[in-house]
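An overview of the molecular structure
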Amino acid sequence: MKKAYTKTAFIFYFICTFLTYGNYVFASEIFGTINTIENSVTIPDSTFAIPVANPNSGTFVSDQRVILSASGSLNIRYTIDGSIPSCTVLNNTSLAYSEPILIDKNIILQAIACYPDNKTSSGFLYAVYTINIPDIVTPPPTSGSSGGGSPSGSSSGGGGGGGGSSSSSSNRNITAGKTDTNNDGKINILDFVILMANWGKIGASNIADFNGDGKVDILDFVKLMADWSK
């Protein structure tokens, strides 16, 4: 009888101990699982859009007015002198966008979107604009009646025509030899960027065809390097 009572008491003690410490263990395990789940959940931040330009980079035969936009932004700041725009460091080169930007020469446009709480776009807009207005070609003068005034007039008239052709060729060489593409008085990285924007293009009157051979290639790059920093 005494042995049965001792066994019953032991079982009762074991159950009480289990209920007391077992709940603590289970609660700790459940709490640990919740912590693990909470630590693995991240809330993605909002996406801050990079400004969009319309029209975008390219070569144009007339002046352009570029419109900038960035969804949800407070404002957009931009530069056209090759410097990096900023929402926090405001200086004379970082301009606030308020109306379409007039592009009437070869430039590099960079822009950044500014958001509340000093947030900025995740990157910059980088756009290269080449304004390549075609030259107005004036036809050479014709021989007219002076060519038929004498037996030698035909030869004289032909000579006059040849003179016109030579003048046109000379003007082309002067234009082709100019490596200062943006007319800022120096040969630098901006002229190199314009060369790269026109690389491989074929045709007359291309602003980056420095040697006048009708195509933009390694020879034009060599010409640019020869004039570099002048």
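Residues numbered from 1 in each chain as written. Predicted model: local features only at pLDDT ≥ 70, side-chain atom pairs only at ≥ 80, totals over all residues. Heavy atoms only, no water.

Digging into the overall build of the chain
A tally of regular secondary structure across the chain gives four helices and nine strands. Its helices and strands taken in sequence order, the chain reads α-β-β-β-β-β-β-β-β-β-α-α-α from the N to the C terminus. The proportion of buried residues among the 230 residues of the chain is 28%. Partitioning the contacts of the chain with sequence separation of at least 6, the portion at a separation of at least 24 is 60%. Carbon and sulfur atoms make up 61% of the accessible area of the chain, which totals about 15300 Å². (Helix = DSSP H or I, 4+ residues; strand = E, 2+ residues; numbered from the N terminus. Buried < 20%, exposed > 50% of the residue type's maximum accessible area, 1.4 Å probe, protein only. Contact = heavy atoms within 4.5 Å. Areas by Shrake-Rupley, 256 points an atom, 1.4 Å probe, with all protein chains shown as cover.)

A look at the state of the cysteines
Here the structure, examined in full by the defined rule, presents one disulfide. Disulfide pairing places Cys-87 opposite Cys-114 at an S-S distance of 1.9 Å. Classification of the bridge connecting Cys-87 and Cys-114 rests on its S-S torsion, roughly -90 degrees, and on that basis the disulfide is left-handed. Remark: Cys-114 occurs in strand S7 (residues 107-115) and Cys-87 occurs in the loop between strand S4 (75-79) and strand S5 (95-96); sequence separation between them is 27 residues. Residue classification places Cys-114 among the buried residues on the basis of a relative accessible area of 5%. (Disulfide = S-S within 2.5 Å.)

Here's the deal with the layout of surface pockets
Counted as a void, the second largest pocket has a volume near 150 Å³. Around the second largest pocket, the lining residues are Ile-80, Asp-81, Gly-82, Lys-105, Asn-106, Ile-107, Ile-108, Asn-182, Asp-184 and Leu-190. For the lining of the second largest pocket, the class distribution of residues is four nonpolar, three polar and three charged. (1 Å grid on protein atoms, 1.4 Å probe; cavity = no way out; pocket = protein on both sides within 12 Å on 5 of 7 lines; lining within 4 Å. Points joined across faces, edges and corners; volume = space filled by probe spheres on them. Nonpolar A, V, L, I, M, F, W, Y, C, P; charged D, E, K, R; others polar.)

Description of the packing of helix H3 (residues 189-197) against helix H4 (residues 218-226)
H4 packs onto H3 with a crossing angle of 175 degrees between their chain directions and a minimal axis gap of 11 Å. In terms of axis orientation, H3 runs roughly antiparallel to H4. In this structure, H3 uses Asp-191, Phe-192 and Leu-195 to contact H4, whose residues at the interface are Asp-220, Phe-221 and Leu-224. (Axes fitted to C-alpha atoms, helices over the stretch in contact; angles between N-to-C directions. Parallel < 35°, antiparallel > 145°, perpendicular 65-115°, else oblique.)

Some words on the sheet that holds strand S6 (residues 101-103)
Read across the open sheet, the three strands follow the order S1-S3-S6; overall the sheet is antiparallel. Looking at strand neighbours, the two that pair on one side only are strand S1 (52-54) and S6, the edges of this open sheet. The average undirected angle you get between the axes of adjacent strands in this sheet is 30 degrees. Summarising the sheet, S1 and strand S3 (residues 64-69) pair through three bridges and their orientation is antiparallel. Its bridge partner being in S3, Ala-53 is matched across the sheet by Leu-68. (Pairing = 2+ DSSP bridges.)

A few points about the packing of aromatic side chains
All told, the structure shown has three aromatic pairs when counted by the stated rule. With a centroid separation of 6.1 Å and an interplanar angle of 25 degrees, the aromatic rings of Phe-60 and Tyr-129 are classed as stacked. Placement of the pair is Phe-60 in strand S2 (residues 58-60) and Tyr-129 in strand S9 (residues 125-131), with a sequence separation of 69 residues. The residues Phe-60 and Tyr-129 share a single accessibility class, namely buried. (Phe/Tyr/Trp six-rings, centres within 6.5 Å; stacked < 30°, edge-to-face > 60°.)

Some remarks on the pattern of salt bridges
This model, assessed by the stated rule, comprises one salt bridge. Of the charged contacts, one joins Lys-223 and Asp-227 as a salt bridge, the two residues approaching to 3.5 Å between their closest N and O atoms. (Salt bridge = Lys/Arg side-chain N within 4 Å of Asp/Glu carboxyl O.)

Considerations on the pairing of S7
Most of S7 sits inside the fold, with nine of its nine residues counted as buried. Residues Ile-107, Leu-109, Ala-111, Ala-113 and Tyr-115 of S7 are buried on one face, and the alternating residues Ile-108, Gln-110, Ile-112 and Cys-114, pointing to the opposite face, are buried as well. Bridge analysis of S4 against S7 gives five bridges, and the strand direction is antiparallel. The residue of S7 that forms the bridge with Arg-77 is Ile-112. As paired elements, S7 and S9 share five bridges and run antiparallel to each other. Bridging across to S9, Gln-110 finds its partner in Tyr-126. Relative to strand S8 (residues 119-120), S7 is paired through two bridges, and the arrangement is antiparallel.

Details of the confidence of the model for the chain
This prediction gives the chain a mean pLDDT of 73; 63% of its residues lie at or above 70. Per-residue pLDDT stays below 50 along residues 146-176; that stretch engages in 16 contacts with residues further than four places along the chain or on separate chains. (pLDDT = per-residue confidence, 0-100.)

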